[in-house]
Amino acid sequence: MKIALRVDVDTLRGTRCGVPTLLEIMARHNVKAAFFFSVGPDNMGRHLWRLLKPKFLLKMLRTPAAGLYGWDIIFMGTAWPGPKIGKRNKQVLRDCAAAGHEIGLHAWDHQSWQARIMKMRPSVIERHLQMAYDTICEITGAPPVCSAAPGWRCSEAALQVKDKFNFLYNSDCRGEGVFMPVVDGCRLNTPQIALSMPTYDELLGRDGVTNSNYNERLLEFAREDKLNLLTIHAEAEGGICAEMFDQFLTLCEERNIEIVLPSALLTENIPDGAIEQGEIPGREGKLAIRKTM
């Protein structure tokens, strides 16, 4: 069995503290992953308005939000301007690239994309992507090889704009497998790798899932007969869940489960597919899901 691994890096603290921790853990286990970096302003605290939504409030109560993300993240970009993540953490991105991990583009402003992408004009989408793309190029000396939409919030317009950047692949939706997106009857040029496994904050506190049984329950979603893609977060698995993630990798080794880069899931003959907006258990709001053809 193989599980492809990607890391979403959403915040200043996740970049500064979480990524180095994950690099150490992965080095011990000889594991590589795709790291998707947010490099513009950290305005994640502006998500506080979502507490007015019952599903988001229940998620915050179900998970140890303050301990998981930290009060600095919860209020980042509210009482003071959000700091530029990439500018303050250049060496972290360089260390990640030097260690042989895939460097991907997550966002310029994670909060803005996640909250507004469905209403963004193509020109605004392209500006956000170009700023993040240029920043990563400047810091690492090479372009990001892939991209992943924040919170799996992605529109068909965003897919079309992303296609201009010639990424090796995008990972913007939930579902299974690899497909070539078709938008308005046109087949795009960038493969899409759908996320098939749930995240920590989606599982915890539901159906009896606790920290003590989380790894076992998570592995129940991986199968030998499909392409498995797992997302972890620098703020969680690189923070208070670091020991649990270390144990997860040990568990995979004991069961002969190979951890691979997402790009290893790409094949020569990729079928067509499409995205639609839907819901995922444990996550608030609509997000991009691979459409059942």
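None of the values given here were measured: they were computed from a predicted structure. Residue positions are given per chain, counted from 1 along the sequence in the order it is written. Per-residue local features are limited, in this predicted model, to residues with pLDDT of at least 70; the limit for side-chain atom pairs, both in listing and counting, is 80 or more; totals at the level of whole chains, interfaces and linings are taken over all residues. Side-chain calculation: all heavy atoms of the structure are included, whereas hydrogens and water are not.

**Section: the overall build of the chain**
How we decide: In this text, helices come from DSSP runs of H or I with a minimum length of four residues, and strands from runs of E with a minimum of two, each type numbered from the N-terminal end. Buried, partly exposed and exposed residues are distinguished by accessible area as a fraction of the type maximum, computed with a 1.4 Å probe on protein chains only: under 20%, between the cut-offs, and over 50%, respectively. Note on contacts: a residue pair is in contact if any heavy atoms of the two residues lie within 4.5 Å. Note on areas: Shrake-Rupley, 1.4 Å probe, and residue coverage restricted to the protein chains presented here.
Check the secondary structure of the chain and you find 13 helices and 13 strands. A buried classification covers 58% of the 293 residues belonging to the chain. Summarising the internal contacts of the chain: among those between residues at least 6 apart in sequence, 74% fall at separations of at least 24. A total accessible area of about 12700 Å² is found for the chain, and carbon and sulfur atoms account for 53% of it.

**Side note on the pattern of salt bridges**
Which entries qualify depends on this criterion: Counted as salt bridges are all cases of a side-chain nitrogen of Lys or Arg within 4 Å of a carboxyl oxygen of Asp or Glu.
Enumeration over the complete set of coordinates arrives at 13 salt bridges. Ionic pairing is found between Arg217 and Glu220, a salt bridge with its closest N-O pair at 3.8 Å. Through salt bridges with shared partners, a single network forms among Arg174, Asp201, Glu202 and Arg283.

**Remarks on the packing of aromatic side chains**
Here a ring pair, both rings aromatic, is described through the centre-centre distance and the interplanar angle of the planes. As a reminder, the rule being used: Each pair of aromatic rings taken from Phe, Tyr and Trp, with Trp reduced to its six-membered ring, is defined by centres within 6.5 Å and is described as stacked if the planes are under 30 degrees apart, edge-to-face if over 60, and tilted in the remaining cases. A ring is considered to have a charge above it if a Lys NZ or an Arg CZ atom is located within 6 Å of its centre and within 35 degrees of its normal.
A full pass over the atoms with the stated rule returns six aromatic pairs. Ring centres of Phe165 and Phe167 lie 5.8 Å apart, and the angle between their planes is 10°; this geometry places the pair in the stacked category. A relative accessible area of 10% places Phe165 in the buried class. Between the aromatic rings of Phe245 and Phe248, the centroid separation amounts to 6.4 Å while the plane-to-plane angle is 15°, which identifies the pairing as stacked. In this pair, Phe245 and Phe248 are both assigned in helix α13 (residues 242-254), three residues apart and thus about one turn of the helix distant. Members of the aromatic cluster, joined through ring pairs, are Tyr133, Phe165 and Phe167. In this structure, Arg6 packs its charged tip against the face of Phe36, placed 5.1 Å from the ring centre. Across from the ring centre of Trp152, 4.6 Å away, lies the NZ or CZ of Arg174, which sits over that ring.

**Here we look at the environment of Arg283**
Of note, Arg283 is situated in the loop between β12 (275-278) and β13 (287-290). Judged by its relative accessible area of 11%, Arg283 is buried. When the C-alpha atoms of Arg283 and Gly151 are compared, they prove to be 9.2 Å apart, with 132 residues separating the residues in sequence.

**With respect to the packing of helix α1 (residues 12-29) against helix α6 (residues 90-98)**
Helix-helix packing: each pair is described by the crossing angle between the helix axes and the interaxial distance. Here is the rule we go by: Lines are fitted to the C-alpha atoms to define the axes, a helix being fitted only along its stretch in contact, and any angle between axes, read from their N-to-C directions, falls within 0 to 180 degrees. Each angle is binned into one of four classes, with values under 35 degrees roughly parallel, values over 145 roughly antiparallel, values of 65 to 115 roughly perpendicular, and all other values oblique. Whether a crossing is left-handed or right-handed is set by the direction in which the near helix is turned from the far one by less than a right angle, anticlockwise for left-handed and clockwise for right-handed. Any residue that is not Ala, Val, Leu, Ile, Met, Phe, Trp, Tyr, Cys, Pro, Asp, Glu, Lys or Arg is counted as polar, Gly included; the first ten are nonpolar and the last four charged.
It is the contact of α1 with α6, at a shortest axis distance of 10 Å, that shows an interaxial angle of 20°. Our classification of the angle between α1 and α6 gives roughly parallel. Relative to α6, the crossing made by α1 is left-handed. Across from Thr15, Val19, Pro20 and Leu23 in α1, the residues of α6 making contact are Val92, Leu93, Asp95 and Cys96. Split into classes, the residues belonging to the contact of α1 with α6 amount to six nonpolar, one polar and one charged.

**Focus: the side chain of Ser147**
Rules: In protein, a polar contact means a hydrogen-donor-capable atom and an acceptor-capable atom, both N or O and within 3.5 Å, with residues adjacent in sequence counting only if both atoms are side-chain atoms; elsewhere, any N or O pair within 3.5 Å suffices.
With respect to the helices and strands, the residue Ser147 is situated in strand β4 (residues 146-147). In this structure the side chain of Ser147 is engaged in a polar contact, spanning 2.5 Å, whose partner is the side chain of Asn170. Discounting chain neighbours no more than four positions away, the residues touching Ser147 are Phe36, Leu105, Lys162, Phe167, Tyr169, Asn170, Ser171 and Asp172.

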